[in-house]
Structure formats: C-alpha cells, structure tokens
Amino acid sequence: MIDQRRLPAAFEVVTLHKWSEVVEAIRNMTVRGAPAIGAAAAFGLALAANESGAHDTTAFLADLEFAAAALKATRPTAVNLAWAVDRVVNALGKDLAMKHSLEVDDLRQVVLDESQRIADEDVATNKRMAEYGSNLIHDGDTILHHCNTGALAVVDWGTALGVIRTAHEQGKHINVLVDETRPRLQGSRLTAWELGQYGIPYEIIADNAAGYFLRTGQVQEVLFGADRIAANGDVANKIGTYMLALAANDNKVPVYSVAPTSSIDLSVADGSLIPIEERDPEEVLGLQFHGERVSPEGARARNPAFDVTPNRLISAIITENGIVMPPFDVNIKKIK
Ligand code: MRU
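All residue numbers here refer to positions counted from 1 along the written sequence of the relevant chain. Where totals are concerned, whole chains, interfaces and linings use all residues; where local detail is concerned, this predicted model gives features only for residues with pLDDT of at least 70, and gives and counts side-chain atom pairs only at 80 or more. Computation of side-chain values: all heavy atoms of the structure, hydrogens and water removed.

### Concerning helix α3 (residues 57–72)
Labels follow the DSSP assignment, with helices taken as runs of H or I lasting at least four residues and strands as runs of E lasting at least two, numbered in each case from the N terminus. The span expected for a helix works out to 1.5 Å for each residue beyond the first. Counted at 1.5 Å a residue, the expected span for α3 with its 16 residues is 22 Å, and the 22 Å between its end C-alpha atoms agrees. Of all the residues in α3, the buried ones are F60, L64, A67, A68 and L71. Taken around the axis of α3, the buried residues stretch over an arc of 105°, which confines them to a single face. Along α3, the residues that are exposed and aim more than 90 degrees away from the buried face are T58 and F66. Should any heavy atoms of two residues lie within 4.5 Å, those residues are considered in contact. Elements that come into contact with the buried residues of α3 comprise α1 (19–27), α2 (34–51), α4 (79–98) and α5 (104–134). One side-chain oxygen at the N-terminal end of α3 lies 3.1 Å from the backbone nitrogen of T58; it belongs to D56. Relative accessibility thresholds used throughout: buried, under 20% of the residue-type maximum; exposed, over 50%; partly exposed, between the two (1.4 Å probe, protein chains only). The arc refers to the directions leading from the helix axis to the C-beta atoms. Distance and chemistry together define a polar contact, namely a pair of N or O atoms within 3.5 Å, with one atom able to donate a hydrogen and the other to accept it when in protein, and with adjacent residues in sequence counting only for side-chain atoms on both sides.

Quick look at the structure:
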C-alpha cells in the first residue's frame, strides 16, 4: 500500500506480510479513507488466513475471528471497515454451510477471493458514483472539497474527488477549493497532490476560509465523502464537515455527500448513535510552523476525527445505485 503519511514529500509503497501489520497500518493511518481501510482490512484477513497454522476448520475460523475483531477495533467511525470484515467472515460461513468436505486451504482461498472481490467492486462502485455525480457539476463551476476522497481514500478513482475527476474528463472546466483539513491535513497533503496528478486546477484554502468563499458567491457546490451515513441520512465525515455544511446552507450552495452504499448503516437510526473516533491530541498540538511547534509546552487539546452533519443540511447523497434526494429517512432505504 502507498504510505499516505509520507505524501506529498515522498511516494513510498510499503509491503505488509502479517495481519498485525495491517492492524497497525490502519491505526496509524498509513492507509486511510473509509473504503480503503475496508479493503485493507479484508486483505488483512487474507494474511491472517495465510498465517494460521490451524489444521481443522474450527481452529481456522477461531484464528480468523480473532484477527477480524482486532481489525474492526482499529478505527470506529467508518462503517466500511466492519462491513468489509463481516463480509469476508460471512463468506466463510456460507461456504462452510454449503459444502461438507472443506479443507483449511479451501477456506484460505475463499478469504482471498472475497477480499479481491471487495477491492474490485470498490473500483466499479466509484466509477458509477462518479458518473451519477458528474451530472450535478457544470462547466465553469468552483467546487469546495473537504478532506481526501480520491483514489488514495478508496481502492481506485475516488468518491467525491471521483466525481470531480469524471467531470474534468468530460471536459468541464472546474476549479477546486481544497480545504486543508486540519489537523492531519488530508486536503493540502493528499487531495492537492492527487489533483496535481490529474491536471485539475485547485487552490488550497484554510478550513476557516470556507465561509468567506461561500458568502461571496465563489462556490457552486460543496462536495465531500462519508464515513458512515445513518438510516435518516445524517452523515458522519471528517471533522469540519458540519461547519462547512452550515455555511453552505446559509448561502444556498448545494451540499453533496458522495459515498458507496457500504457507507450506509441502516442499523443506526440517526447520527447521534455513530461512534466518533477521538485521536491523539498530539495531532493537534504537534503541528509545526516555521519549524516550531504551534502550541505552548504543556498545552492540552481535544481531537475528534469526525463530526455528524444532520440530514437537513445535505442536498443529496450520491451512491453507486443512484442519487438519493430528501426526505432521506424514506429514500435511503430504497437505495441500500
Ligand atoms: O481520518 P480519515 O482520513 O480516514 O478520514 C477520511 C474521510 O473523512 C473521508 O472523507 C471519508 O473516508 C470519505 S471519502 C472516501
């Protein structure tokens, strides 16, 4: 996998050999982005299957379930992670139920095949979302984008950035205002790097400049992804999304969340039930400016990694099965 902690300074690919290394890579954000961590976790299970020394299927399943629990515990907010892990474990269960004379090696293959299917389907899903979403983008638009939702955050193409990419490929002239996305700067480090690769014009803005650009009529759409969407259409996404959606609504600028249906969690009725990951305060305190830490010695910080944007602030949710319009509590169920 690409080490996303190094970009844009260095493009480094790391090779992981053990499932415990995948656990660490998701936790320390070597790999990040909801669909990307889902696919990574699935391949983590494929490594666990390979590493298991079990001779019978019961012991093998126990090894896999141990790894599955550890992978699922790495990051709590993005539901794609648990979705992908459960999908692989369920594929094993189905296969076991269907056939009676299965060897451990057969099960290893089931795990690998299902992981690869998750990865392949993710690319196709992204392309479909991008096709739907690009219909909402017009020639000459300036789009305000939050966090990183590009190829890095998925298996390939991207969610919200995938829409921008497809619109650009259709020949539409687009300018992107890239929220830097404090504290980990996924916008200025990753989204700007990706847009540069694709030749799409962009300008990085401080997160707190978004309101200015919205209020002065310089933005036609706000686009971001989702880490988990509740049954009523509340969207958990990178911290700062809520403030952005508020400012966009005040200025009647449409707000689009672009996410695969694997990000929709019908088991949570509304966003208040979505667990919000709180990360190390050092991510906030340790930022440097001109080579010096930005915070005084001994300062304390809070660092929620996500927030929830209530459904009333979302104009549409773009999925691979189509565009969902309000009322989301009714329409989301029809698309999943
Ligand atoms: O903490 P991160 O960088 O994993 O958060 C990622 C985001 O919030 C993305 O916007 C989200 O996963 C949706 S786009 C793939």
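### Quick look at the layout of surface pockets
Roughly 470 Å³ of volume is contained in the largest pocket. The way it works is a 1 Å grid over only the protein atoms, where trapped points that fit a 1.4 Å probe form a cavity and open points with protein on both sides within 12 Å along at least five of seven lines form a pocket, and then any residue with an atom within 4 Å of a point lines it. Lining the largest pocket are 20 residues, and of these M1, I2, V31, A40 and F43 lie nearest its centre. The element that contributes the greatest number of residues to the lining of the largest pocket is α2, accounting for six residues. Any residue outside Ala, Val, Leu, Ile, Met, Phe, Trp, Tyr, Cys, Pro, Asp, Glu, Lys and Arg is labelled polar, Gly included; the first ten of those are nonpolar and the last four are charged. When its residues are assigned to classes, the lining of the largest pocket shows 16 nonpolar, three polar and one charged. Where each domain begins and ends follows an automated or database-derived domain assignment. Split by domain, the residues of the lining of the largest pocket number at least three in each of domain 1 (19–125) and domain 2 (129–335). Grid points are joined across faces, edges and corners, and a volume is the space filled by probe spheres set on the points. Its boundaries defined by the atoms lining it, the second largest pocket holds a volume of some 360 Å³.

### Notes on the environment of L246
Here L246 shows up in helix α9 (residues 241–250). Spatially, the C-alpha atom of L246 lies 18 Å from that of D270, the residues being 24 residues apart in sequence.

### Digging into the pairing of strand β1 (residues 142–145)
It is a general feature of regular strands that their side chains alternate between the two faces of the sheet. Every second residue of β1 is oriented toward a common face, with T142 and L144 on one face and I143 and H145 on the other, all of them buried. Judged from the four bridges that link them, β1 and strand β2 (residues 175–179) form a sheet pairing that is parallel. Bridge pairing in β2 places T142 opposite N175. The parallel pair β1 and β2 is bridged by helix α6 (residues 160–169), and the resulting crossover is right-handed. Only strands joined by at least two bridges in the DSSP assignment are considered to pair. The sheet contact formed by β1 and strand β4 (residues 221–224) spans three bridges and is parallel. By the bridge assignment, L144 is partnered in β4 with V222. Here is how to tell: hold the view so the strands point away, follow the path from the first strand over the helix to the second, and if it runs clockwise the crossover is right-handed.

### Side note on helix α11 (residues 328–335)
Taken together, the buried positions of α11 are occupied by F328, N331, I332 and I335. Along the long axis of α11, the arc covered by the buried residues comes to 105°, so they all point the same way. Close packing links the buried residues of α11 with β5 (228–230), β8 (264–265), β12 (316–319) and β13 (322–324).

### A closer look at the domain arrangement of the protein
Reports of interface size often rely on the accessible area that becomes lost once the parts have come together. Domain parsing of the protein yields domain 1 (19–125) and domain 2 (129–335). Counting from both sides, the interface comprises 20 residues of domain 1 and, opposite them, 27 residues of domain 2. With both chains or domains summed, domain 1 and domain 2 bury close to 1900 Å², and 55% of this area falls on carbon and sulfur atoms. The largest per-residue losses of area from domain 1 upon contact with domain 2 belong to R32, T77 and T125, which jointly make up 34% of the total buried on that side. Definition used for salt bridges: Asp or Glu carboxyl oxygen within 4 Å of a side-chain nitrogen of Lys or Arg. Between the two partners, domain 1 and domain 2, sit one salt bridge. With a closest N to O distance of 3.0 Å, R75 and E277 form a salt bridge. For the interface between domain 1 and domain 2, the tally reads 13 residue pairs in polar contact (both at pLDDT 80 or more). Secondary structure elements with two or more residues in the side of domain 1 that touches domain 2: α2, α4 and α5. The residue inventory of the side of domain 1 that touches domain 2, partitioned by class, reads eleven nonpolar, five polar and four charged. As used here, buried area is the combined drop in accessible area, with a 1.4 Å probe, of two parts when they are placed together.

### Thoughts on the site of the ligand
Neighbouring residues of the ligand: 18 residues in total, closest R32, R75, Q186, D227 and K238. Here an oxygen atom of the ligand sits 2.5 Å away from a polar atom, N or O, in the side chain of R32. The separation between an oxygen atom of the ligand and a polar side-chain atom of N237 is 3.2 Å. With residues, only the protein chains shown are counted as cover, and all accessible areas are computed by Shrake-Rupley using a 1.4 Å probe. Coverage of the ligand by the protein amounts to 99% of the 410 Å² it exposes when considered alone. By definition, a pocket or cavity contains a molecule when more than half of the molecule's atoms lie within 2 Å of the pocket's grid points. Given that more than half its atoms are within 2 Å of the pocket grid, the ligand belongs to the largest cavity. When contributions to the shell around the ligand are tallied by element, the ones reaching two or more residues are α2 and β6 (235–238). Each residue is tested against the molecule or strand, and it is near if at least one of its non-hydrogen atoms lies within 4 Å.

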